[in-house]
Amino acid sequence: MRERIDQASESAATCQGCGACCAYSVDWPRFWTETDDEIARIPANLVAEDGSGMACDGDRCSALIGLVGEATQCAIYATRPVVCRDCQPGDEACAIAREAWGLEPIGKPEP
C-alpha cells in the first residue's frame, strides 16, 4: 500500500512541475463523457462559451495556474474533466504535450 501512495505522490509532483498537457491545445480539454452535473461543478467562467470543454487562453486551459515546465497546478483539480484525468505522466498524450513544449519525455509510471 505504501508503494502505491508513493507512486501517486510522485505522479502528482511530476505533473505539478510540468503542466504541458494543460497548455497544449484548445481542442484537448473537451468534454466527452461528463454528465451535466459534473460540468455544472466547474465554475462557469472556466467553461468554453459553447459548452464543449474548458475555456482556454490560446492553447492554455484557463484553470492552469503557474509556469509550464516549472511549477503548475489545476484550479479545479477535484472536478477536472475526464480528458484531464485520463492523461497520465509518461503516457502518449503526456509525451506529445511535453514535446510541443520542448520538454524531455518522462518514464511511464508502473501499474
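Treat the numbers as computed from the prediction; the structure is a model and nothing was measured.

Visitor: Even after reading the chapter, I still don't get the environment of Ala95, so can you show me in this structure?
Guide: Among the structural elements, Ala95 can be located in helix α4 (residues 92-100). Sequence separation between Ala95 and Ile106 is 11 residues, and the spatial gap between their C-alpha atoms is 7.4 Å.

Visitor: What is the right way to read the environment of Gln88 from this model?
Guide: Positionally, Gln88 belongs in the loop between α3 (82-86) and α4. Take Gln88: its relative accessible area is 38%, and that puts it in the partly exposed class. C-alpha of Gln88 to C-alpha of Cys15: the two residues are 73 residues apart in sequence and 8.5 Å apart in space.

Visitor: What's the story with α4 in this structure? I'm lost.
Guide: Working note: α-helix, 3.6 residues per turn, so residues spaced by three or four point in the same direction. Along α4, the residues that are buried comprise Cys94, Ala97 and Arg98. The arc enclosing the buried residues of α4, seen along the axis, measures out at 100°, which places them on a common side. Across α4 from its buried face, at more than 90 degrees, point the exposed residues Glu92, Glu99 and Ala100. For α4, the side-chain oxygen to backbone nitrogen distance between the N-cap and Ala93 is 3.2 Å, and the N-cap itself is Asp91. The positive-phi residue at the C-terminal boundary of α4 is Gly102, with phi of around 75°.

The rules behind each value
Residues numbered from 1 in each chain as written. Predicted model: local features only at pLDDT ≥ 70, side-chain atom pairs only at ≥ 80, totals over all residues. Heavy atoms only, no water. Helix = DSSP H or I, 4+ residues; strand = E, 2+ residues; numbered from the N terminus. Buried < 20%, exposed > 50% of the residue type's maximum accessible area, 1.4 Å probe, protein only. Arc of directions from axis to C-beta. Polar contact = N/O pair within 3.5 Å; in protein donor to acceptor, adjacent residues only side chain to side chain.

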